[in-house]
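Commentary on secondary and tertiary structure
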Amino acid sequence: MQREINAVDFWRGYALVAIFINHIPQNFYEQFTHKHFSLSDSAELFVFLAGWSLRHVVGRPEDPKPTSALMHRLLGRAVTLYVAQLAIALIAVAMLASASLVLANPLFLEWHNAAAIFYDPVRAHIGVVLLSHQLGYFDILPLYVVLLMSAPLVAIIHRHAPNALLPISFAIYVISLVFGITMPTWPVSGQWFFNPLCWQLIFVLGFSMSRDRGPGGWVKRNIGWIRICAAPIVIGLGIMSIFNLWWDPTRVPDPKLLFIIGKTFVTPIRLIQFLALIAVLSAAYPYIVRVVPGLVSFLSRMGRNSLPVFCVGSLLSLGGQIIRFAYEGGLVVDTILIGTGIAVLGLVAWLAEWRVRRD
Amino acid sequence: MRCVATVFGLLGWALISGAAAESLPSGAPQSVIQKQCAEAAEVGFGPVTLAHAAKALRERKRLKVLAIGATPLNERDQKQGHYARVEKVLETNFKGVDVEIIDRGVSGEMARDGAARIKTEVALVEPDLVFWQVGVADALALTPANEFKQTLSRTVVWLQEHNVDVVLIGLKYQRSLSSNEGFQKLRRAIRDVVREHAILRVGHYESIEAIDRMRRQEGEAASELDLTDAGSVCLADFLSRALAVGLFGRSKGGGAPGEILPIAGTAKDAKPIDTPGATKP
């Protein structure tokens, strides 16, 4: 049965649309997504809400689902995501190859980390399957796969020691920052763009905040004054983002990752800004529902069907980049691309629900 | 729907045209490519010194390099990447020198994103020198040349203020883009920044263009993909030579810093810093 419209699905739908727009760089509408006024962007929102949704899969402690069924469901979901990642990566590679042929431009073969696939295919294909080789803008789903692979562990700790979950997650995060621990890529040397050892904290925070007890319960009871404290953080860091008023990262004390701004390690300042942002934004949802119910319904449907929408959105954004280059961009091309793309994402969500209703 | 149709149309057209299109590199022997690299490299570098990097070598016998931008790939050299090769070439030619290249490349990253990340990475890695491969993602995303130039300039100034040398690895030569106005504007923007800030640039474009010319003169016109292949193979050589010249060498010609001029020699015959006649940092 279809879920009722709710804030989680709405914001997830918003995150999906924002990711789609942001992944066509230099398009006119990119400047209107919240990443231009904020340190954090839609990636944090997407991962946080994934953690929040996990809470509903795991169930309440007073009404626990059988452990085996829970493990089966969580690992099954992880495998589904893994297969989806491989499929969209393969299609993306074919799109880049096609663009290089049709537009007679071999630069496409080297775009978004695709060079290894075309010029070092033996090792790169192993890397793609191992998720150690990721295409640019196709690197958030591998993080999600790893997070869902670890979700059974999250569920077990939550079941047996719910108050230990957040401290364990926080400890892993701090250790990764202090020692700069990250996940290497292969065969192209480098590191995962989204370091799972750090991003897991956002996932676990989403899971914990959805609870009515523990930290989640405390936040819900005190959300009023939390918002009062959060608003100046959002405004202050927003102004600093717009005017690029950041401190010199070379002058901060060691361990530097605790004090600098970085997406890969989702460093503390970025994390704090994100938490402040969602505290403030969560107040807006009831008003948004009242003012634009149609938009809420449209985005919520996308949020309810996030995997197919995300996959199609990733491919559409790559297609959009190619089309922008071919037609030399401009407001008209950007409007057509973004408008059509969002309509297609809405159609994908509708088709996903129509298929379920028909079955 | 139009996007989906376009994407599938693109795939379909590629299938139809695939047979007639250029094949993947036919693969000239690597020795031939390397010889051409060596000849082409003569047009690639300018008389600019890497003062901070040279100082690090003189005082610590150690050079720490941060690589930003798309990671170069050498498909013919699968046991080691470009940067490992650059390290090896420099360490072989300059005994007692320890070169460490830390690769923090993100392929597809535009200059604006790379510029933001460079500051963080400089804070974390504390390099003496930055290799910044820049321009390809911006060319494909149609970044306005002014915006691109401003971003480059600001970042280069920031690096210089922090006592870090920078070598820009510019756009690749693509015959099909040689008359593309946007592509050429970005290329000019990189050259302008190099001149204005007296930094070193690896003339990847000019070098591959020279290889293209050589192949034509030899009666074997190279395909675009052959040139891409040659560019990948040559880049490690170009980088090694650029670094050797910037650290130890001197240009024959005069001219403004960063100007594209022939160089006096290669890593093997470059003089060490303290040798009379060598470029003082």
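Residues numbered from 1 in each chain as written. Chains lettered and ligands numbered in written order. Predicted model: local features only at pLDDT ≥ 70, side-chain atom pairs only at ≥ 80, totals over all residues. Heavy atoms only, no water.

**Description of the overall build of chain A**
- Helix and strand content of chain A: 16 helices and zero strands.
- Per-residue burial for chain A yields a buried fraction of 55% across its 359 residues.
- Relative to all contacts within chain A whose residues are 6 or more apart in sequence, the contacts with residues 24 or more apart total 74%.
- Split by element, the accessible area of chain A, about 15,400 Å² in all, is 70% carbon and sulfur. (Helix = DSSP H or I, 4+ residues; strand = E, 2+ residues; numbered from the N terminus. Buried < 20%, exposed > 50% of the residue type's maximum accessible area, 1.4 Å probe, protein only. Contact = heavy atoms within 4.5 Å. Areas by Shrake-Rupley, 256 points an atom, 1.4 Å probe, with all protein chains shown as cover.)

**A look at the pattern of salt bridges**
- Enumeration over the complete set of coordinates arrives at 24 salt bridges over all chains.
- The salt bridge partner of R112 of chain B is E30 of chain A, with a shortest N-O separation of 2.6 Å. Linking R112 of chain B in helix α5 (residues 111-125) with E30 of chain A in the loop between α1 (7-22) and α2 (42-58), this pair reaches from one chain into another.
- When the shortest N-O distance is used, the salt bridge between D248 of chain A and R251 of chain A registers 3.4 Å.
- On the basis of relative accessible area, D248 of chain A is assigned to the buried category, the value being 18%.
- What emerges from the salt-bridge pattern is a single network uniting E30 and K35 of chain A together with R112 and D113 of chain B. (Salt bridge = Lys/Arg side-chain N within 4 Å of Asp/Glu carboxyl O.)

**Some details on helix α3 (residues 67-102) of chain A**
- The terminal C-alpha atoms of α3 of chain A lie 52 Å apart, and with 36 residues this matches the ideal 52 Å at 1.5 Å per residue to within 8%.
- At the C-terminal side of α3 of chain A, A104 of chain A shows a positive phi close to 50°. (Expected span 1.5 Å × (residues − 1).)

**A few points about the sheet that holds strand β5 (residues 200-202) of chain B**
Residue and element names in this part refer to chain B.
- Read across the sheet, five strands follow the order β2-β1-β3-β4-β5 without closing on themselves; strand pairing throughout is parallel. The open sheet has two free edges, formed respectively by β2 (98-103) and β5, since each of these has just one partner strand. Strand after strand, the sheet turns through a mean of 25° between neighbouring axes, direction not considered.
- With six bridges connecting them, strand β1 (residues 62-69) and β2 associate as parallel partners. Across the sheet, the residue bridging to L66 is I102, located in β2. (Pairing = 2+ DSSP bridges. Axes fitted to C-alpha atoms, helices over the stretch in contact; angles between N-to-C directions.)

**Concerning the nonpolar core**
- One finds L141 of chain A together with F131, W132, L168 and L243 of chain B to be the most contacted residues of the largest nonpolar core, which totals 171 residues.
- Leaving out residues up to four positions away in the same chain, L243 of chain B has contacts with L50, L63, V86, L90, L129 and F131 of chain B.
- Of all hydrophobic cores here, the second largest spans six residues; its members include I226, A230, L277 and A279 of chain A. (Core = buried A, V, L, I, M, F, W, Y, C linked by side-chain atoms within 4.5 Å.)

**Section: the environment of M110 of chain B**
- Tracing the backbone through its elements, the reader meets M110 of chain B in the loop between β2 and α5.
- Residue classification places M110 of chain B among the buried positions, given a relative accessible area of 2%.
- Residues M110 of chain B and A70 of chain B lie 40 residues apart in sequence; the distance between their C-alpha atoms is 9.6 Å.
- Not counting residues up to four positions away in its chain, the partners in contact with M110 of chain B are P25 and Q26 of chain A together with A137, D138, A141 and T143 of chain B.

**Comments concerning the interface of chain B and chain A**
- Taken together, the contact between chain B and chain A spans 50 residues of the former and 51 residues of the latter.
- For the pair chain B and chain A, the summed buried area comes to about 4,500 Å², and 69% of that belongs to carbon and sulfur atoms.
- Our count for the chain B to chain A interface comes out at ten residue pairs in polar contact (both at pLDDT 80 or more).
- Every element with two or more residues in the side of chain B that touches chain A is listed here: α1 (2-18), α5, α6 (136-140), α7 (145-161) and α10 (224-248) of chain B.
- The residue makeup of the side of chain B that touches chain A, split by class, is 27 nonpolar, eleven polar and twelve charged. (Buried area = accessible area lost by both parts, 1.4 Å probe. Polar contact = N/O pair within 3.5 Å; in protein donor to acceptor, adjacent residues only side chain to side chain. Nonpolar A, V, L, I, M, F, W, Y, C, P; charged D, E, K, R; others polar.)

**Some words on the packing of aromatic side chains**
Residue and element names in this part refer to chain A.
- In total, this model carries 19 aromatic pairs over all chains according to the counting rule given.
- Taking the centre distance of 4.8 Å and the plane angle of 65° together, the rings of F10 and W11 count as edge-to-face.
- On the accessibility criterion, W11 (13% relative accessible area) is buried.
- On the numbers, 5.5 Å between centres and 70° between planes, the contact of F48 with F274 is edge-to-face. Here F48 is found in helix α2, whereas its partner F274 is found in helix α12 (residues 268-281), with 226 residues between them in sequence.
- Under the relative-accessibility criterion, F274 is labelled buried at 2%.
- Connected via pairs of aromatic rings, a cluster forms that spans F10, W11, Y14 and Y285. (Phe/Tyr/Trp six-rings, centres within 6.5 Å; stacked < 30°, edge-to-face > 60°.)

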